[in-house]
Amino acid sequence: MKKIIIAIDGFSSTGKSTVAKQLAKALGYVYIDTGAMYRAVTLFAMNHNLVGQGYLREKELEEKLSEIQIHFKLNPTTDVADVYLNGENVERKVRTLEVSQYVSPIATVSAVRRKLVEQQQKMGEEKGIVMDGRDIGTVVFPKAELKLFMTASAEKRARRRHDELLERGEHVSYEDVLENVVTRDKIDVSREDSPLVKAESAIEIDNSNLTLQEQFDKILSLSKKSI
Ligand code: C5P
């Protein structure tokens, strides 16, 4: 069977990764969460005091980019790939609200984007990949055979992200999560380099009122039509 690239973009917490994982499993494809890569760079920047409340040391971060190695490795327990930063499994550390607060400013830095996009394009050379993010259909794989653009109301998205954080034991308020989701979207759509925008040929899926199963069925059927 022909192998294709499936690009899934959209706003924060629209459930891109949930459906991308399901889809990759059903098709026997590789799943890559590019948000985890931006989050890993953010964690590195936080650990080196290059980003914090009210500051981002862009030039110093650029100089240190060659020290950042990111890779994914399958976690046999969850059957999904975990993200590693310089050999350390940082899957849990990159999901905190603190990392979420700094990741969008970090993702505006062009040198960071260049480095990660290059790695993402290499990962897709063999096709058979489902990749989610903000610029996959527009910048990383403009020729992807199937492009999806996911949306949902900000309140629905914040509610989902809040539930996820609580489940992981991070006790944050719903209001803080909502504010983070809205702020990140604002930065993502307005940045100069690779802003979040629906690719011309992308199919928009508003999942505000879809169950996970309905959403998955819809996307699986679109994928099968493209293969
Ligand atoms: O997908 P996730 O919410 O984990 O992504 C975290 C942040 O990383 C986004 O808010 C965005 O600022 C950035 N990002 C990006 N380009 C991508 C993936 C994520 O700018 N391809």
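Because the structure is predicted, anything quoted here is derived from the model rather than measured.

**Things to note about the overall build of the protein**
Line of reasoning, step 1. The secondary structure content of the protein amounts to nine helices and 10 strands.
Line of reasoning, step 2. Against the 2.2 N^0.38 benchmark of 17 Å for 227 residues, the protein shows a C-alpha radius of gyration of 17 Å, consistent with a compact globule.
Line of reasoning, step 3. Referenced to the eigenvectors of the C-alpha coordinate spread, the extents of the protein come out at roughly 45 × 40 × 35 Å.
Line of reasoning, step 4. Sorting the 227 residues of the protein into buried and exposed places 50% on the buried side.
Line of reasoning, step 5. The contacts of the protein with a sequence gap of at least 6 include a subset with a gap of at least 24, amounting to 73%.
Line of reasoning, step 6. When the accessible surface of the protein is totalled, it reaches about 11200 Å², and 50% of it is carbon and sulfur.
Line of reasoning, step 7. Positive and negative side-chain charges in the protein, numbering 34 and 35 respectively, have mean positions lying 4 Å apart.

**Quick notes on the UniProt feature "binding site: ATP" (unreviewed entry) in the protein**
Line of reasoning, step 1. In this numbering, the UniProt entry assigns the feature "binding site: ATP" (unreviewed entry) to Gly-10, Phe-11, Ser-12, Ser-13, Thr-14, Gly-15, Lys-16, Ser-17 and Thr-18. As for the annotated residues named above, the ones lining the largest pocket are Ser-13, Thr-14, Gly-15, Lys-16, Ser-17 and Thr-18.
Line of reasoning, step 2. A relative accessible area of 0% places Gly-10 in the buried class.
Line of reasoning, step 3. Contacts of Gly-10, omitting those with residues within four sequence positions, involve Lys-16, Gly-133, Arg-134, Phe-149, Met-150 and Leu-196.
Line of reasoning, step 4. By secondary structure assignment, the location of Phe-11 is in the loop between strand 1 (5-10) and helix 1 (16-27).

**Topic: the pattern of salt bridges**
Line of reasoning, step 1. Scanning the entire structure with this criterion turns up 13 salt bridges.
Line of reasoning, step 2. Between Arg-113 and Asp-135 there is a salt bridge whose closest N-O contact spans 2.9 Å. On the criterion of sequence distance, the pair formed by Arg-113 in helix 5 (residues 110-123) and Asp-135 in the loop between strand 8 (129-133) and helix 6 (136-140) is long-range, its members being 22 residues apart. In terms of burial, Arg-113 and Asp-135 fall into one category: buried.
Line of reasoning, step 3. Through salt bridges with shared partners, a single ionic network connects Asp-33, Glu-91 and Arg-95.

**Looking at the nonpolar core**
Line of reasoning, step 1. Judged by nonpolar contacts, the single largest core of 39 residues is most densely connected at Val-41, Leu-61, Ile-70, Val-83 and Val-112.
Line of reasoning, step 2. Looking at this core, the elements with two or more residues in it are strand 1, helix 2 (34-47), strand 5 (70-75), strand 6 (80-85), helix 4 (97-106), helix 5, strand 8 and helix 6.
Line of reasoning, step 3. Non-local contacts of Ile-70, meaning those with residues more than four positions away in its chain, are made with Met-37, Ala-40, Val-41, Val-83, Tyr-84, Leu-116 and Gln-119.
Line of reasoning, step 4. Core analysis: the second largest hydrophobic core is formed by 19 residues, Ala-24, Leu-27, Met-150 and Ile-205 among them.

**So, the pairing of strand 9 (residues 146-151)**
Line of reasoning, step 1. For strand 9, a buried count of six out of six residues is recorded, marking the element as mostly surrounded by other parts of the structure.
Line of reasoning, step 2. Burial of strand 9 is two-sided: the residues Leu-146, Leu-148 and Met-150 facing one way and the residues Lys-147, Phe-149 and Thr-151 facing the other way are all buried.
Line of reasoning, step 3. Where strand 1 and strand 9 come together, five bridges link them in parallel fashion. Its bridge partner being in strand 9, Ala-7 is matched across the sheet by Lys-147.
Line of reasoning, step 4. In terms of strand pairing, strand 9 meets strand 10 (residues 203-206) through four bridges, oriented parallel.

**Concerning the site of the ligand**
Line of reasoning, step 1. With respect to spatial proximity, 15 residues lie near the ligand, and among them Arg-39, Asp-135, Arg-184, Asp-188 and Arg-191 are the closest.
Line of reasoning, step 2. The contact in question runs from an oxygen atom of the ligand to an N or O atom on the side chain of Arg-39, over 2.6 Å.
Line of reasoning, step 3. Between Arg-184 and the ligand, the recorded distance is 2.8 Å, taken from a side-chain N or O atom to an oxygen atom.
Line of reasoning, step 4. For the ligand, the protein covers 97% of the area, taking 450 Å² as the surface of the free molecule.
Line of reasoning, step 5. When each cavity is represented as a set of grid points, the ligand is found to reside in the largest pocket.
Line of reasoning, step 6. Contributing elements (two or more residues each) for the shell around the ligand: helix 2, helix 4 and helix 8 (174-190).

Procedures and definitions
- Residues numbered from 1 in each chain as written.
- Predicted model: local features only at pLDDT ≥ 70, side-chain atom pairs only at ≥ 80, totals over all residues.
- Heavy atoms only, no water.
- Helix = DSSP H or I, 4+ residues; strand = E, 2+ residues; numbered from the N terminus.
- Rg over C-alpha atoms; globule rule 2.2 N^0.38 Å.
- Buried < 20%, exposed > 50% of the residue type's maximum accessible area, 1.4 Å probe, protein only.
- Contact = heavy atoms within 4.5 Å.
- Areas by Shrake-Rupley, 256 points an atom, 1.4 Å probe, with all protein chains shown as cover.
- Lys, Arg positive; Asp, Glu negative; His and termini not counted.
- Charge placed at Lys NZ, Arg CZ, Asp CG, Glu CD.
- UniProt positions renumbered as here; feature names shortened; annotations may be inferred.
- 1 Å grid on protein atoms, 1.4 Å probe; cavity = no way out; pocket = protein on both sides within 12 Å on 5 of 7 lines; lining within 4 Å.
- Salt bridge = Lys/Arg side-chain N within 4 Å of Asp/Glu carboxyl O.
- Core = buried A, V, L, I, M, F, W, Y, C linked by side-chain atoms within 4.5 Å.
- Pairing = 2+ DSSP bridges.
- Near = heavy atom within 4 Å.
- Polar contact = N/O pair within 3.5 Å; in protein donor to acceptor, adjacent residues only side chain to side chain.
- Sits in = over half its atoms within 2 Å of the grid points.

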